[in-house]
Amino acid sequence: MSATTRRPPPGPLEYGRRAWMRLTLLATFVFLYAPIATLVAFSFNDSRRNIVWRGFTLKYYEKAWNNDSLLEAFTNSLTIAFASTLASTVLGTLAAVALWRFRFPFKGPHEAAMALPIVIPEICMGVAMLVFFARIGWPTGLPWPLNLGAITIAHISFSFPFVAVVVRARLASFNRELDEAARDLGASEWQAFRDVLVPWMSPGLVAGALLAFTLSLDDFVITFFTSGPDTVTFPVKVYSMVRFSVTPEVNAASTILIAITLVITSVALWMQGRTAARRADGSGGVTEAGSADG
Amino acid sequence: MTRGRHGIGNGTDRGAASAQPIIEIRGVTKRFGAGEPAVDSVDLEIPEGELFALLGPSGCGKTTLLRMLAGFETPTAGAIRIDGSDVAGMPPNRRPVNMVFQSYAVFPHMSVSDNVAYGLRVTGVPAAERRERVREALGLVRLDGLGARKPDQLSGGQRQRVALARALVKRPRVLLLDEPLSALDAKLREAMRLELVNLRIAVGITFVFVTHDQDEALSMADRIAVMERGRVRQVAEPATLYEYPNCRFVADFIGKVNLFEGTVRAAGSGELTLEVPGLGALRIPHAEPVRGAVGVAVRPEKVRLSHTRPDAQFSFEATVEDFAYYGSETHLFLVTDKGLRLAATVPNSDRGPIRIERGAPRFVSWRPGDTLVLTE
Amino acid sequence: MEGWRTNRRVFWTFFTPPTAWLVLFFLAPLALVWGFSFGEKRGLVEIAINGTLENYVRALDPLYLRIFAKSFWFAALTTLICLAVGFPVAIAITFAPSRWKPILLLLTILPFWTNLLIRTYALIAVLRTRGYVNFTAEWVWEKTNAALGWVGLGDLQLVGERFEPFQMLYNNTAVVFGLVYVHLPFMVLPLYAALDRLDRSYLEASLDLGAGQIRTFASVVVPLALPGIVSGVIITFIPALGSFLTPDLLGGTDSQMIANVIERQFKSANDWPFGAALSFILMYVTFFALALRAVTSRGRSAMEAA
């Protein structure tokens with residue numbers, strides 16, 4: 001190989017091209033992904049114990065599908081996630097707009113309180129929910145899906161502040177002149193909100209909703225404290241199975257959950273990428289316009 | 001260059017007897033919290049059909065004043081009348097004015113046509129009429145055929161045209177423009193100045209625009225209000241503003257100026273005798289008798305240079321301290337024998353080499369009538 | 001931003017629902033727990049809130065102090081390991097070719113989105129005595145043994161008489177390993193954010209002025225990325241300290257952390273007032289750490305303004 005065709009050695013700041021840096025990256029990602037990858041791979045392995053690949057099978061998926069209590073837990077989880085996402089998106093968006101648009105007394109403490117569900121340890125929130133629902137005499141033994149009410153409420157409480165953060169981040173780049181332009185052209189308060197602000201927020205709304213959905217679907221600790229014997233969610237069910245033993249059946253169920261999460265994440269990232277590309281073109285770009293004067 | 005515009009909206013031509021002004025601002029003050037007001041007891045009258053500029057440095061309150069006309073800010077005190085009616089408490093969507101925003105605020109999620117049609121749609125103009133008016137408005141700003149485009153497929157200049165069409169399609173009595181050219185690059189800005197002026201003539205309504213760029217204001221406006229720290233310092237036609245500024249701030253803000261501090265020694269019979277340290281006594285024609293300390297100023301291009309002592313009424317000896325070549329002209333920085341510094345601008349009207357040397361002695365003079373006397 | 005009075009109707013429409021929800025279904029439950037932490041257990045379910053500090057005093061018992069100390073130690077060790085591993089990773093991502101950057105970032109974030117329970121479960125499946133690591137080790141052992149036998153050394157039993165699986169689970173090491181596994185992305189992301197903001201010309205200036213790579217790292221990169229480092233440390237430390245699932249599933253009998261003790265008070269020991277007090281102590285520690293972060297980030301913005 002001649003000197004002209006060889007790639008030049010890494011420049012002083014091209015750390016990404018240094019061998020030891022690459023090794024660190026590789027090792028880290030192996031560390032992060034090997035367990036999950038193994039779990040996924042062996043959910044398809046036609047053998048209960050051995051490391052040796054014994055052929056592809058879907059029988060554990062079939063088994064998981066025929067496991068009534070697992071299926072019920074899965075249905076519960078999805079039901080809760082849908083209800084929680086809907087409410088969290090609405091509440092989170094309202095909160096984001098209120099905090100973004102208005103000055104009001106005690107705004108600082110209000111914002112701090114809104115951030116609490118995000119920052120406090122899950123265990124603290126879990127016990128708070130347990131105590132709360134036990135003490136106010138929340139009805140138990142309601143027919144499905146009403147019996148999932150307590151868990152759903154708890155999920156909304158920790159999800160909607162996340163939605164508020166995401167939507168508010170999106171609002172931060174909103175050019176207020178767009179809203180003023182709509183008003184100037186004759187739109188009422190409500191028309192300007194519907195025609196200008198909501199379209200602008202929509203990527204944030206979608207991202208927030210997807211976040212709320214995964215948060216709800218993934219939550220174990222807080223649900224663990226609010227669920228009863230007849231309101232088991234998927235993570236709670238997996239927890240009890242894991243305590244018991246590791247089976248390819250649990251692998252299969254986990255793989256399905258990972259797949260759902262992956263799909264949701266891809267959708268979220270794809271939407272983000274799309275809006276980022278559009279914004280890079282700079283259509284509504286001047287954010288601090290008008291602030292220099294007056 | 002005659003564009004026939006100085007006759008249309010010229011306040012002094014029409015005099016006090018002209019019809020009711022389209023915009024009347026009476027004692028308007030705007031405070032944001034404590035501290036100095038952003039706009040401080042401003043009085044202005046803008047006659048119909050004028051291209052009026054609000055000019056000033058950033059933070060002078062010009063944008064706040066414009067936003068009060070649009071209805072986005074409420075005056076703390078005073079009254080604004082648009083087309084004869086008091087607009088206090090009237091929300092922006094009900095005012096007979098429309099605005100072109102600094103960022104243009106073209107809705108990124110709507111096509112060009114939808115942007116232009118928006119103001120008609122929300123006020124319930126029927127679809128057929130809407131289509132016709134949108135087509136007309138796009139033609140007016142020469143965007144025919146681009147109606148289906150999205151804003152991110154447009155250049156900066158085209159986006160500005162969309163913003164203009166969108167505001168004009170509403171047929172406002174007054175069009176407000178907030179720094180309309182600041183987001184464009186230098187070449188385009190020059191061309192858009194002429195276009196805006198011609199557009200104003202074509203639609204025949206009043207334009208009020210805010211700018212911090214004196215060239216923009218001077219070259220476009222029929223009249224200019226110069227603002228400083230919330231107050232209007234002078235309202236005049238461009239030439240008056242440049243040649244007869246009424247205060248140090250305006251003289252300094254518009255164009256370049258050599259500004260000295262002096263005192264009036266004697267006044268009377270249309271003449272002033274001024275004493276300027278470093279220049280000595282100056283006798284200049286001046287109508288109003290003034291007294292005390294004054295600012296004495298002269299524009300650099302009025303300063304003449306010669307190798308021999310000129311016949312002018314007053315002249316000084318100075319040496320060239322520094323010079324800068326600008327192609328069309330050369331700027332000289334001179335210092336007199338008494339240590340006073342002043343700048344002169346000389347047109348490079350001859351092609352040959354420029355012969356200026358640092359340290360070379362020159363005679364400096366100007367016509368007494370070119371001296372500005374600034375009492376404020 | 002406008003004052004709420006300028007448009008009361010709009011303000012209340014947006015303000016009321018989320019605020020009411022927050023007060024009713026979050027602050028009220030917390031207040032209830034807070035009240036119980038000053039209470040006394042009277043009977044099976046009855047609790048009298050009588051303002052006693054008994055529960056907080058009990059938390060100072062050496063038994064619980066040891067658990068607090070251990071939780072701190074676990075969390076601190078986790079944070080340290082994450083920092084040591086995360087820094088090179090963050091640097092590598094920051095200076096990676098722009099085409100690779102989003103992919104590397106995605107790979108870092110993705111575990112975030114994967115269920116914590118499933119990730120912990122995956123660790124168990126891999127690490128337990130009958131897990132994949134040991135299966136692999138056993139397979140290697142068998143092959144080695146066979147190879148040794150084949151070359152005639154089989155009788156020497158060089159690799160042991162029979163395969164002894166590694167005991168990698170249900171001890172403190174497993175807990176810290178699991179905590180690092182779960183929290184590494186928490187560290188990498190703020191570090192990356194700080195490094196990405198860093199103007200490269202600072203590094204180039206340092207190299208240009210004669211400092212070596214290590215010197216540049218120590219005297220330019222670290223000081224300028226300090227707010228990001230502090231942020232990463234605190235963002236990693238807080239959830240690690242309050243971990244429940246990892247010690248519960250990966251730990252042995254003496255790997256209990258605070259969260260496990262709290263859980264026991266509510267689920268099996270049925271001592272709500274004491275659990276409430278422990279839970280609030282954990283919360284106060286969290287607030288303290290967050291305040292620390294706020295102070296350092298305020299210092300940063302002051303620096304940037306200057």
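On to the overall build of chain B, then. Helix and strand content of chain B: nine helices and 20 strands. Across its three principal directions, the C-alpha atoms of chain B cover 75 × 50 × 40 Å. Considering only contacts within chain B whose residues lie at least 6 apart along the sequence, 64% involve residues at least 24 apart.

Bringing the overall build of chain A into the picture now. Along its length, chain A carries eleven helices and one strand. Walking chain A from its N terminus toward its C terminus, one meets helices and strands in the order α-α-α-β-α-α-α-α-α-α-α-α. Each of the 294 residues in chain A was classed as buried or not, and the buried ones make up 49%.

With that out of the way, let us pick up the sheet that holds strand 10 (residues 231-236) of chain B. All names here are of chain B. With mixed pairing, six strands are arranged side by side in an open sheet as 6-7-8-3-9-10. Pairing within the sheet leaves two strands with one partner each, and these edge strands are strand 6 (97-100) and strand 10. Ignoring which end each strand starts from, the neighbouring axes of this sheet average 20° apart. Here strand 9 (residues 223-228) runs beside strand 10; their pairing, made up of five bridges, is antiparallel. The residue bridging Val-226 from the neighbouring strand is Gln-234, located in strand 10. Packed on one face of the sheet, helix 5 (residues 156-168) meets strand 6 and strand 7 (174-178) and runs near 175° to strand 6.

Accessible area lost on assembly of the parts is the figure often given for the size of an interface. Assigned domains of chain B: these are domain 1 (11-245) and domain 2 (256-374). Using only C-alpha atoms to locate each centre, domain 1 of chain B and domain 2 of chain B end up separated by 39 Å.

On to helix 4 (residues 107-119) of chain A. Compared with the 18 Å implied by 1.5 Å per residue over 13 residues, the 18 Å span of helix 4 of chain A between its first and last C-alpha is a close match. Where helix 4 of chain A is concerned, the buried positions are Met-114, Leu-116 and Pro-117 of chain A. Residues of helix 4 of chain A that are buried sit in contact with helix 3 (68-101), helix 5 (122-135) and helix 6 (149-172) of chain A together with helix 1 (8-36) of chain C.

Let us look at the interface of chain A and chain B. With 25 residues of chain A at the interface, the matching set in chain B holds 32 residues. Elements supplying a minimum of two residues to the side of chain A that touches chain B: helix 7 (176-184) and helix 8 (189-218) of chain A. No other element matches the six residues that helix 7 of chain A contributes to the side of chain A that touches chain B.

A separate point is the domain arrangement of chain A. Residues and elements named next belong to chain A. On domain assignment, one finds that chain A holds domain 1 (16-57) and domain 2 (61-279). Each of domain 1 and domain 2 has a C-alpha centre, and the two are 30 Å apart. In this complex, domain 1 contributes six residues to the contact, which on the side of domain 2 involves six residues. Split into classes, the residues belonging to the side of domain 1 that touches domain 2 amount to four nonpolar, one polar and one charged.

Counting residues at the interface gives 63 residues for chain A and 72 residues for chain C. Class assignment for the residues of the side of chain A that touches chain C results in 45 nonpolar, ten polar and eight charged. Sheet topology places strand 1 (residues 102-103) of chain A next to strand 1 (residues 2-3) of chain C; two bridges connect them, and they run parallel. Considered in strand 1 of chain C, the bridge of Arg-103 of chain A is made with Gly-3 of chain C.

With that settled, consider unusual backbone geometry. Going from Trp-144 of chain A to Pro-145 of chain A, the amide bond is cis rather than trans, its omega being 0°. Mapping Pro-145 of chain A onto the fold places it in the loop between helix 5 and helix 6. Of note in this structure, Phe-106 of chain A is not a glycine but carries a positive phi near 60°. Structurally, the position occupied by Phe-106 of chain A is in the loop between strand 1 and helix 4. For Phe-106 of chain A, a count of 9 C-beta atoms within 10 Å puts it in the exposed group. If you check the backbone angles, Arg-229 of chain B has positive phi at about 45° while not being a glycine. Residue placement: Arg-229 of chain B occurs in the loop between strand 9 and strand 10. Judged by the 16 C-beta atoms lying within 10 Å of it, Arg-229 of chain B falls in the partly exposed class.

All names here are of chain B. Burial of strand 9 is extensive: six of the six residues sit out of reach of the surface. Across the two faces of strand 9 the burial is the same, with Arg-223, Ala-225 and Met-227 and Ile-224, Val-226 and Glu-228 all buried. Pairing between strand 3 (residues 51-55) and strand 9: four bridges, direction parallel. Paired with Leu-55 across the strands is Val-226, a residue of strand 9.

So, how was this worked out
Residues numbered from 1 in each chain as written. Chains lettered and ligands numbered in written order. Predicted model: local features only at pLDDT ≥ 70, side-chain atom pairs only at ≥ 80, totals over all residues. Helix = DSSP H or I, 4+ residues; strand = E, 2+ residues; numbered from the N terminus. Contact = placed C-beta atoms within 7 Å. Buried ≥ 20, exposed ≤ 12 C-beta atoms within 10 Å, placed from the backbone. Pairing = 2+ DSSP bridges. Axes fitted to C-alpha atoms, helices over the stretch in contact; angles between N-to-C directions. Domains from an automatic or database assignment. Expected span 1.5 Å × (residues − 1). Nonpolar A, V, L, I, M, F, W, Y, C, P; charged D, E, K, R; others polar.

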